[in-house]
Amino acid sequence: MIKGVIFDLDGVITDTAKFHYIAWNNLASKMGIELTEEFNEKLKGIPRIESLKLILEYGNAIHIYSEEEMHEMADIKNEEYKKLLKNLDKKDILPGIEDFINKLKEKNIKIGLASASKNAPMILEKLGLGKKIDYIADPDAVKNGKPAPDIFIEATRGINLNIDDVIGIEDADAGVEAMRSCNMRSIGINVDADLRLESTRELSLDIIAILDNK
Ligand code: B16
Ligand code: MG
């Protein structure tokens, strides 16, 4: 029986990818790198500094900057990203998510968060969901980011359950790969996983039951 659900944040609970894209694009264009939306797909679920490294590799500029400079650049991007989140609130919760979370709570199913984002606690507060999430795994507390499984293992540990007791929900290949490598059952939103859904609207207790019986 499923006793817990592990959520990804960006792309599952809310769509912050568009703000990441604007902030990365502005930083990249200062370095003469033009990003495409297709390339941006590769950054989904990838931690901040690794995302910057992928952008610099894409622009053939990785050799130009020191680690320290890269951290400064990532900080600049994050400041702009946070400004773009200024008006984020309840209306930005993806369709069906709040209702699904409430139904999980009614059934005493624990909720963990496995997001690569260091901004996750602030974002959840803005969305009014902070109190509903039982445990937010800290990406700084794990060794390897997605596609490594560490953050999903940590989120499961934080809600005192075993991997077999939970399912995870992701929108990015890196996140599904992370779940697969720790044998966690997975739901993909617009991405292939054990069960693929086209929208967060389709999430329900019945859908979870399907995965439980698979
Ligand atoms: P931050 P998720 C990920 O969120 C984003 O998809 C990814 O684009 C971003 O680089 C990463 O968080 C780190 O975010 O810069 O806020 O720490 O999908 O894992 O919830
Ligand atoms: Mg995501």
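Residues numbered from 1 in each chain as written. Chains lettered and ligands numbered in written order. Predicted model: local features only at pLDDT ≥ 70, side-chain atom pairs only at ≥ 80, totals over all residues. Heavy atoms only, no water.

1. Notes on unusual backbone geometry
Here comes step 1: Residue Pro147 is bonded to the preceding Lys146 through a cis peptide linkage, with omega at 15°.
Here comes step 2: A positive phi angle is found at Asn108, which is not glycine, with a value near 60°.
Here comes step 3: Relative to the helices and strands, Asn108 is located in the loop between helix 5 (97–106) and strand 2 (110–113).
Here comes step 4: The exposure class assigned to Asn108 is exposed, which follows from its relative accessible area of 65%.
Here comes step 5: Even without being a glycine, Asn190 presents a positive backbone phi close to 60°.
Here comes step 6: Along the chain, the position of Asn190 falls in the loop between strand 5 (185–189) and strand 6 (195–197). (Helix = DSSP H or I, 4+ residues; strand = E, 2+ residues; numbered from the N terminus. Buried < 20%, exposed > 50% of the residue type's maximum accessible area, 1.4 Å probe, protein only.)

2. Things to note about the nonpolar core
Here comes step 1: Within the largest apolar cluster, 35 residues are counted, with the highest numbers of intra-cluster contacts made by Phe7, Ile13, Ile169 and Ile187.
Here comes step 2: In this view, Ile13 contacts Phe7, Asp8, Asp92, Ile93, Leu94, Ile97, Leu113, Leu124, Leu127 and Leu129; residues no more than four positions away in its chain are not counted.
Here comes step 3: In terms of nonpolar packing, the next biggest core, distinct from the first, is built from 18 residues, Ile6, Val142, Ile159 and Val166 among them. (Core = buried A, V, L, I, M, F, W, Y, C linked by side-chain atoms within 4.5 Å. Contact = heavy atoms within 4.5 Å.)

3. Let's talk about the pairing of strand 2
Remark: a regular strand shows side chains that alternate across the two faces of the sheet.
Here comes step 1: Pairing analysis gives four bridges linking strand 1 (residues 4–7) to strand 2, with the strands arranged parallel. Each bridged residue has a counterpart across the sheet, and for Gly4 the counterpart in strand 2 is Lys110.
Here comes step 2: Bridge analysis of strand 2 against strand 3 (residues 135–136) gives two bridges, and the strand direction is parallel. Counterpart to Gly112 in the pairing with strand 3 is Tyr135.
Here comes step 3: Following the backbone out of strand 2, through helix 6 (residues 120–127) and into the adjacent parallel strand 3, one traces a crossover that is right-handed. (Pairing = 2+ DSSP bridges. Right-handed = clockwise from strand over helix to strand, strands pointing away.)

4. Here's the deal with a negative patch on the surface
Here comes step 1: A cluster of acidic residues, Glu68, Glu69, Glu72 and Asp75, forms a negative patch at the surface.
Here comes step 2: Within the secondary structure, Glu68 is located in helix 4 (residues 67–84).
Here comes step 3: For Glu68, a relative accessible area of 59% translates into the label exposed. (Patch = residues over 30% accessible without salt bridge, like charges linked within 9 Å, V, L, I, M, F, W, Y side chains within 5 Å. Areas by Shrake-Rupley, 256 points an atom, 1.4 Å probe, with all protein chains shown as cover. Salt bridge = Lys/Arg side-chain N within 4 Å of Asp/Glu carboxyl O. Lys, Arg positive; Asp, Glu negative; His and termini not counted. Charge placed at Lys NZ, Arg CZ, Asp CG, Glu CD.)

5. A few points about the site of ligand 1
Here comes step 1: Close to ligand 1 lie 18 residues, the nearest being Ile46, Arg48, Ser115, Ser117 and Asn119.
Here comes step 2: Between Ile46 and ligand 1, the recorded distance is 2.7 Å, taken from a backbone N or O atom to an oxygen atom.
Here comes step 3: Lys118 is positioned such that a nitrogen or oxygen atom in its backbone is 2.8 Å from an oxygen atom of ligand 1.
Here comes step 4: Contact with the protein chains hides 98% of the accessible area of ligand 1, taken as 470 Å² for the molecule alone.
Here comes step 5: Elements that contribute at least two residues to the shell around ligand 1 include exactly helix 3 (48–58) and helix 4.
Here comes step 6: Classifying every residue of the shell around ligand 1 gives five nonpolar, six polar and seven charged. (Near = heavy atom within 4 Å. Polar contact = N/O pair within 3.5 Å; in protein donor to acceptor, adjacent residues only side chain to side chain. Nonpolar A, V, L, I, M, F, W, Y, C, P; charged D, E, K, R; others polar.)

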